[in-house]
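This is what each chain is made of:
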Amino acid sequence: ILNVEQSPQSLHVQEGDSTNFTCSFPSSNFYALHWYRWETAKSPEALFVMTLNGDEKKKGRISATLNTKEGYSYLYIKGSQPEDSATYLCAPQGGSNYKLTFGKGTLLTVNP
Amino acid sequence: NAGVTQTPKFQVLKTGQSMTLQCAQDMNHEYMSWYRQDPGMGLRLIHYSVGAGITDQGEVPNGYNVSRSTTEDFPLRLLSAAPSQTSVYFCASSPLAGGHNEQFFGPGTRLTVL
C-alpha cells in the first residue's frame, strides 16, 4: 500500500482566484500518477494520467506537473469558478499492476 | 455506450445477510475493480480483475468475494454483512493496453448495514 499525502485537506477560494494543491507519493517503483475530479453526488472523473518526470498536462484552466524523482505532483486551477468546486484526488500507480492508491483528496470550494 | 453501471443504487441490509452488488461495463475493458469510500478514508481498493477468470485482492478484501466470468460483469458479494461494511461502493474499469489508463467509475452503491 503506497503512502499518498494530499494537501491541503480543504480549501476555500473566491471566484477568479488561482489555486494549487499538492500530492506526495513514494518516488520508488513509480509507474504513473492519476488525477481525478470528484463532484458531490457524482462519480470520480479522470483529469490527467502522467508518467514522465517533468510532465506537464493541461485541460482548460486546470494543469498539473509531475516530479517523479522527489515524489510530488501539483494541480493548478487558474481563475477558479464555482463549477470547479469538487474534491480533487490523486492516485499513484506503483508498478504496471494497474492498481491505484488514492489519496484522501483536497476539497475545493469556490465562492461566487 | 452506457459506460459503467451499478445496481442497486441504495441498499439496506441487516447484520448477517448476504447480497451481491452488480457492476457491468460495455466498453470491453479488461481491468475492473471495486472500491469503498468512507468518510476521511478516501477510496480503498477491495478487489480487482485484469480479465475474465482472473481476480486478486486489493487493500481491504476481507468479507468480500468477487468473480469474473465475463469481460462485462464484475459482481461483488458480501457473504455476511457487518455494520463495518456500511459504505459507498464504486466499481471502475479501464483498458489494459498501455498499462496506465484512466479508470471509468460507475455511479456507486450506497450500502447501510444495520
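Refer to the preceding data block for the structure.
Residues numbered from 1 in each chain as written. Chains lettered and ligands numbered in written order. Predicted model: local features only at pLDDT ≥ 70, side-chain atom pairs only at ≥ 80, totals over all residues. Heavy atoms only, no water.

A short note on the interface of chain A and chain B
Accessible area lost during the coming together of the parts is what is often quoted as the interface size.
Okay, step 1: The interface of chain A with chain B comprises 21 residues on the first partner and 23 residues on the second.
Okay, step 2: Considering only the surface of chain A that becomes buried against chain B, A:Tyr98, A:Lys99 and A:Phe102 emerge as the three largest contributors, covering 32% of it.
Okay, step 3: Across the chain A-chain B interface, the total number found is zero salt bridges.
Okay, step 4: On the surface where chain A and chain B come into contact, there are three residue pairs in polar contact (both at pLDDT 80 or more). (Contact = heavy atoms within 4.5 Å. Buried area = accessible area lost by both parts, 1.4 Å probe. Salt bridge = Lys/Arg side-chain N within 4 Å of Asp/Glu carboxyl O. Polar contact = N/O pair within 3.5 Å; in protein donor to acceptor, adjacent residues only side chain to side chain.)

As for the state of the cysteines
As used in these notes, a disulfide is a covalent bond between sulfur atoms, one from each of two cysteines.
Okay, step 1: Enumeration over the complete set of coordinates arrives at two disulfides over all chains.
Okay, step 2: Disulfide partner of A:Cys23: A:Cys90, at an S-S distance of 1.9 Å. For the disulfide bridge between A:Cys23 and A:Cys90, the dihedral angle about the S-S bond is near 75°, and by the sign convention the bridge is right-handed. You can see A:Cys23 sitting in strand E3 (residues 19-24) and its partner A:Cys90 sitting in strand E9 (residues 86-94), a full 67 residues away along the chain. Grouping residues by exposure puts A:Cys23 and A:Cys90 together as buried.
Okay, step 3: The residue that forms a disulfide with B:Cys23 is B:Cys91, at a sulfur-sulfur distance of 1.8 Å. Taking the sign of the torsion about the S-S bond as the criterion, the disulfide between B:Cys23 and B:Cys91, at about -70°, is left-handed. Separated by 68 residues along the polypeptide, B:Cys23 in strand E3 (residues 19-25) and B:Cys91 in strand E9 (residues 87-94) bring together distant segments of the chain.
Okay, step 4: Given a relative accessible area of 2%, B:Cys23 falls into the buried group. (Disulfide = S-S within 2.5 Å. Helix = DSSP H or I, 4+ residues; strand = E, 2+ residues; numbered from the N terminus. Buried < 20%, exposed > 50% of the residue type's maximum accessible area, 1.4 Å probe, protein only.)

Looking at the pattern of salt bridges
Between side chains of opposite charge, pairing is possible as soon as their charged atoms come close.
Okay, step 1: Using the criterion set out here, one finds five salt bridges over all chains in the structure.
Okay, step 2: The partner of A:Asp84 in a salt bridge is A:Arg61, and the shortest N-O contact between them spans 2.8 Å. In this pair, A:Asp84 is assigned in the loop between strand E8 (72-77) and E9 and A:Arg61 in the loop between strand E6 (56-59) and strand E7 (62-67), connecting sequence segments 23 residues apart.
Okay, step 3: The exposure class assigned to A:Arg61 is partly exposed, which follows from its relative accessible area of 33%.
Okay, step 4: The salt bridge partner of B:Arg44 is B:Asp38, with a shortest N-O separation of 2.9 Å. There is no split in this pair, since B:Arg44 and B:Asp38 are both buried.

Topic: the sheet that holds strand E7 (residues 64-66) of chain B
All names here are of chain B.
Okay, step 1: Pairing is antiparallel across the open sheet formed by four strands, whose spatial order is E1-E3-E8-E7. Edge positions in the sheet fall to strand E1 (4-7) and E7, since each has one partner strand and no second. With direction set aside, neighbouring strand axes in the sheet form an average angle of 20°.
Okay, step 2: Bridge count between E7 and strand E8 (residues 76-78): three bridges; the pairing is antiparallel. Across the sheet, the residue bridging to tyrosine 64 is leucine 78, located in E8. (Pairing = 2+ DSSP bridges. Axes fitted to C-alpha atoms, helices over the stretch in contact; angles between N-to-C directions.)

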